[in-house]
Amino acid sequence: IVLTQSPGTLSLSPGESASLSCRASQRIISGYLAWHQLKPGQAPRLLIYETSRRDTGIPDRFNGSGSETDFTLTITRLEPDDFAVYYCQQYGSSITFGGGTKVEI
Amino acid sequence: DVQLVQSGPEVKEPGESLQISCKGSGYTFSSYWIGWVRRMPERGLEWMGVIYPAYSDARYRPSFRGQVTISADRSINTAHLQWRSLKASDTAIYYCVRLLGGSPEGPIDLWGQGTVVIVSS
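Every value quoted in this text rests on a predicted model; they were computed, and no experiment measured them. (Residues numbered from 1 in each chain as written. Chains lettered and ligands numbered in written order. Predicted model: local features only at pLDDT ≥ 70, side-chain atom pairs only at ≥ 80, totals over all residues. Heavy atoms only, no water.)

Visitor: Help me understand the pattern of salt bridges in this model?
Guide: A side chain with one charge can pair with a side chain of the opposite charge if their charged atoms come near. All names here are of chain A. For the structure on display, the rule yields 10 salt bridges over all chains. Aspartate 81 serves as the salt-bridge partner of lysine 39, at 2.4 Å between the closest nitrogen and oxygen. Of the two residues, lysine 39 is situated in the loop between strand E4 (33–38) and strand E5 (45–49) and aspartate 81 in the loop between strand E8 (70–75) and strand E9 (85–90); the sequence distance between them amounts to 42 residues. By relative accessible area, which is 13% here, lysine 39 ends up buried. Accessibility expressed as a relative area gives 45% for aspartate 81, which makes it partly exposed. Residue glutamate 79 pairs with arginine 61 through a salt bridge whose shortest N-O separation is 3.5 Å. (Salt bridge = Lys/Arg side-chain N within 4 Å of Asp/Glu carboxyl O. Helix = DSSP H or I, 4+ residues; strand = E, 2+ residues; numbered from the N terminus. Buried < 20%, exposed > 50% of the residue type's maximum accessible area, 1.4 Å probe, protein only.)

Visitor: Mind showing me how you'd approach the sheet that holds strand E1 (residues 3–6) of chain A here?
Guide: Working definition: the strands of a sheet are paired by backbone hydrogen bonds and lie parallel or antiparallel to each other. Residues and elements named next belong to chain A. The strand order across the open sheet built from 4 strands is E1-E3-E8-E7, with neighbouring strands paired in antiparallel fashion. Each end of this open sheet is capped by a strand with a single partner; those strands are E1 and strand E7 (62–67). Between one strand axis and the next, the sheet turns by 20° as a mean value, whatever way the strands run. Relative to E8, strand E3 (residues 18–24) is paired through 6 bridges, and the arrangement is antiparallel. By the bridge assignment for E8, arginine 23 is matched with aspartate 70. (Pairing = 2+ DSSP bridges. Axes fitted to C-alpha atoms, helices over the stretch in contact; angles between N-to-C directions.)

Visitor: Just checking my understanding: could you explain the state of the cysteines for this structure?
Guide: Chemically, a disulfide is nothing more than a covalent bond linking the sulfur atoms of two cysteines. As enumerated under the stated definition, the model contains 2 disulfides over all chains in all. Disulfide pairing places Cys22(A) opposite Cys88(A) at an S-S distance of 2.1 Å. On the sign convention where negative means left-handed, the S-S torsion of about 80° between Cys22(A) and Cys88(A) marks this disulfide as right-handed. With Cys22(A) in strand E3 and Cys88(A) in strand E9, this residue pair connects regions lying 66 residues apart in the sequence. Paired by a disulfide, Cys22(B) and Cys96(B) hold their sulfur atoms 2.1 Å apart. The disulfide joining Cys22(B) to Cys96(B) has a torsion of about 75° about its S-S bond and is therefore right-handed. Here Cys22(B) is found in strand E3 (residues 18–25), whereas its partner Cys96(B) is found in strand E9 (residues 92–99), with 74 residues between them in sequence. (Disulfide = S-S within 2.5 Å.)

Here's what the structure looks like:
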């Protein structure tokens, strides 16, 4: 399954909202889609799995939604710590990743 | 703390061999699948393969089969990624990851900090 993320880069200010898209080349069974945050010099972290389940400790400003082939990560009230690269990952058929979306100030 | 700690950066020449490691702590290492992910600047993240430490059951994405070897030593809670003969195209950051859910196809719920591998003459 090929995952296509858009946009490639999102330029926003703290306090604004971000909407990140992840489109799959075929249906992802059982909504098996996750979102991860990568920041330089840190271990990446899981934000969302199974489309909309937040991992432990992830603030409710991060919300996942979608189904079938179209998925979205929405980040409300952006904080300085949120500026990072975000990847979607599907695990319904093997494991593949999207190309990433960079959220920059 | 539940964590995966990876070995340090490596600089190698083409043709050399290399093994990098990933040590798990704070949880039952043998009970979770451990995978490896490659990150290259123009290619994003790529799934390489996975191993179940309890049985050393290793599975590879087809494009990586024969190129690398994934192994695990459950006695020291450590997984390894090995190359017999490095190429310049192996230059990348390599992450070990833990999979949630007891399946070799699951969400990644824990990442190592990454190991930088540079292959250059």
